[in-house]
Amino acid sequence: MLEKLTTEKRNPKTMDMDTKSIGDILKLMNEEDKLVPLAVEKELLHIEKAVTFAIDSFKRGGRLIYIGAGTSGRLGILDASECPPTFGVDSTLVQGLIAGGLKALTTAIEGAEDNETLGGDDLKAISLTEKDTVVGIAASGRTPYVIGALKYAKSVGAKTVSISNNKNSIIGKLADVAIEVETGPEVLTGSTRLKAGTAQKLVLNMISTVSMIGIGKVYENLMVDVQPTNQKLIERAKRIIMEATGADQETAEKTLEAAGYEVKVAIVMILLNCTYEEAAQKLQESNGFIRKAIND
């Protein structure tokens with residue numbers, strides 16, 4: 001079956017790649033990489049549905065769960081791990097699962113991705129419910145581990161999304177929404193960490209970022225729930241406050257301290273010229289949306 005997958009076909013543009021200069025190989029790779037965003041563009045409507053699922057899950061007290069094997073699993077974990085520091089959410093809200101467990105992040109766990117039962121077992125282990133959204137990721141669209149995960153997710157009533165790089169994929173047929181970004185043959189035959197992986201990363205960026213915007217984690221284009229846990233992030237928090245309010249650096253610093261280093265609260269305090277308690281109350285009443293808090 002592999003020879004029928006576009007991701008496994010040989011790329012006619014790179015048949016003599018091993019004879020080319022370093023510069024020419026890099027140009028070839030760059031030319032092929034330019035095709036990826038155009039392929040993603042064709043799937044925007046499906047990506048929109050996936051984001052809608054995620055936002056609905058968050059509002060219902062559910063989670064967004066990425067699950068995959070190999071590169072796909074690693075990309076899911078990467079995206080999930082960036083959500084707490086970027087958006088100030090709990091580490092359980094967006095989770096990444098990989099066939100073979102965390103050891104598989106750095107070491108190939110042979111056979112793990114071929115175990116369909118294991119996909120469901122890993123979701124059982126995190127107590128998956130109907131409130132959650134599960135995103136199964138597999139370049140081939142046929143990885144047993146991901147198939148098992150999607151089957152189990154559907155059995156408990158969770159919303160399901162598939163991300164693959166081949167049309168009419170098996171996981172696409174199982175999921176409520178199929179995102180199938182056809183990136184074509186890789187420059188290095190079958191190495192789906194390349195264009196396929198890039199496409200998956202772009203799609204995951206969209207899903208997590210836009211779903212966080214949908215629950216009030218962004219004001220204008222600023223990361224207003226960023227967690228200032230080190231000096232760099234403290235400085236970023238100050239700049240965000242200054243950009244959002246027009247305040248000078250001294251005011252931003254003092255208000256950030258008075259707000260207990262809660263950037264969003266500090267912004268509302270300045271914009272409404274109010275106390276910490278009043279700003280926190282306004283944000284609670286607006287479900288965390290700054291624009292609603294300052295306009296109501």
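Look above for the structure.
None of the values given here were measured: they were computed from a predicted structure. Per chain, the residues get numbers from 1 upward, laid out in the order the sequence is written. Residue-level local features of this predicted model are given only where pLDDT is at least 70; pairs of side-chain atoms are given and counted only at 80 or more, and the full residue set underlies all totals for whole chains, interfaces and linings. Hydrogens and waters are ignored; side-chain quantities use all the structure's heavy atoms.

Student: For the packing of aromatic side chains, give the residues involved together with the corresponding values.
Tutor: Planes of paired rings set the category: under 30 degrees apart is stacked, over 60 is edge-to-face and the rest tilted, where pairs are Phe, Tyr or Trp rings (Trp by its six-membered ring) whose centres lie within 6.5 Å. Going through the model one piece at a time under the given rule, you end up with zero aromatic pairs. In this arrangement the basic side chain of lysine 292 is found over the ring face of phenylalanine 289, its NZ or CZ atom lying 4.5 Å from the centre. In this analysis the charged atom, NZ for Lys or CZ for Arg, is taken to sit over a ring once it is within 6 Å of the ring centre and within 35 degrees of the ring normal.

Student: Go over the pairing of strand β1 (residues 64-68), please, and point to the residues and values.
Tutor: For every residue, the accessible area obtained with a 1.4 Å probe (protein chains only) is divided by the maximum for its type, and the residue is called buried under 20%, exposed over 50%, and partly exposed between those limits. Comment: elements are numbered from the N terminus, with helices defined as DSSP H or I runs of at least four residues and strands as E runs of at least two. Burial of β1 is extensive: five of the five residues sit out of reach of the surface. Criterion used throughout: strands pair if DSSP finds at least two bridges between them. Summarising the sheet, β1 and strand β2 (residues 94-98) pair through five bridges and their orientation is parallel. Looking at the pairing, leucine 64 lines up with valine 94 of β2. Running through helix α4 (residues 70-87), the crossover from β1 to the neighbouring parallel element β2 is right-handed. Call a crossover right-handed when, viewed with both strands pointing away from you, the route from the first strand across the helix to the second goes clockwise.

Student: Any chance you could break down unusual backbone geometry for me, citing the residues and the numbers?
Tutor: In this model, asparagine 168 sits at a positive phi of 55 degrees, which is unusual for a non-glycine residue. Checked against the element boundaries, asparagine 168 lands in the loop between β4 (159-164) and α7 (170-174). A relative accessible area of 63% means that asparagine 168 is categorised as exposed. Its identity is not glycine, yet glutamate 220 carries a phi of approximately 55 degrees, on the positive side. Within the secondary structure, glutamate 220 sits in the loop between α8 (195-213) and α9 (231-245). Residue classification places glutamate 220 among the partly exposed positions, given a relative accessible area of 47%.

Student: Before we move on, could you go through the packing of helix α5 (residues 116-125) against helix α6 (residues 144-155) and cite the residues and values that matter?
Tutor: In this description, a line fitted to the C-alpha atoms serves as the axis of each element, helices being fitted only across the stretch in contact, and the angle between N-to-C directions of two axes falls anywhere from 0 to 180 degrees. In the contact formed by α5 and α6, the axes pass within 6 Å of each other and the chain directions differ by 50 degrees. Between α5 and α6, the angle is such that the two are oblique. In this structure, the crossing between α5 and α6 has a hand that is right-handed. Note on element contacts: α6 touches α5 through Pro144, Tyr145, Ile147, Gly148, Ala149, Lys151, Tyr152 and Ala153, opposite Glu116, Leu118, Gly119, Gly120, Asp122, Leu123 and Lys124. Roughly parallel means an angle under 35 degrees; roughly antiparallel means over 145; roughly perpendicular covers 65 to 115; every other angle is labelled oblique. Handedness of a crossing is defined here by the sense of rotation of the near helix relative to the far one, left-handed for an anticlockwise turn of less than a right angle and right-handed for a clockwise turn. Any two residues whose heavy atoms approach within 4.5 Å at even a single point are treated as in contact.

Student: Any details on the environment of glutamate 180? Residues and values, ideally.
Tutor: Tracing the chain through its elements places glutamate 180 in strand β5 (residues 177-180). Residues glutamate 180 and serine 91, 89 residues apart in the sequence, show an inter-C-alpha distance of 28 Å. Leave out the neighbours within four places in its chain, and glutamate 180 touches Glu43, Ser164, Asn166, Lys167, Asn168, Ser169 and Gly172.

Student: Break down the environment of aspartate 90 for me, citing the residues and quoting the values.
Tutor: Within the secondary structure layout, aspartate 90 lies in the loop between α4 and β2. Expressed as a C-alpha distance, the spacing of aspartate 90 and phenylalanine 53, which sit 37 residues apart in the sequence, is 19 Å. In this structure the side chain of aspartate 90 is engaged in a polar contact, spanning 2.6 Å, whose partner is the side chain of threonine 92. A 3.5 Å cut-off defines polar contacts: any pair of N or O atoms within that distance qualifies, except that in protein one atom must be a possible hydrogen donor and the other a possible acceptor, and neighbouring residues in sequence count only when both atoms are side-chain atoms.

Student: I'd like a description of the sheet that holds β2, backed by residues and values.
Tutor: Sheet architecture is open: five strands sit in the order β2-β1-β3-β4-β5, paired in parallel fashion. Among the strands making up the open sheet, the edge pair consists of β2 and β5. For this sheet, the mean angle separating the axes of adjacent strands, direction not counted, is 20 degrees. Across the sheet, α4 lies against β1, β2 and β3 (133-137), angled at about 160 degrees from β2, the strand it touches most.

Student: Could you give an account of the nonpolar core, naming the residues involved and the relevant values?
Tutor: By size, the foremost hydrophobic cluster in this structure holds 32 residues, and its most contacted members are Tyr66, Val94, Ile179, Ile207 and Met212. Take this core: its biggest share by element is seven residues, from helix α3 (residues 44-59). Residue contacts for isoleucine 179: discarding those within four places in its chain leaves Glu43, His46, Ile47, Ala50, Val161, Ser162, Ile163, Ser164, Val203 and Ile207. Nine residue types can take part in a nonpolar core, namely buried Ala, Val, Leu, Ile, Met, Phe, Trp, Tyr and Cys, and a core is a set of them joined through side-chain atoms within 4.5 Å. Residues Val224, Ala244, Leu256 and Ala279 belong to the second largest nonpolar core, which totals 23 residues.

Student: So what's going on with the pattern of salt bridges? Residues and values would help.
Tutor: Put simply, a salt bridge is a Lys or Arg side-chain nitrogen that is within 4 Å of an Asp or Glu carboxyl oxygen. Applying the stated criterion across every chain, the model contains 14 salt bridges. For glutamate 32, the salt bridge goes to lysine 13, with nearest N and O atoms at 3.1 Å. Within this pair, whereas glutamate 32 is found in helix α1 (residues 22-33), its partner lysine 13 is found in the segment before α1, the two being separated by 19 residues in sequence. Linking aspartate 225 and lysine 217 is a salt bridge whose minimum nitrogen-to-oxygen distance equals 3.4 Å.

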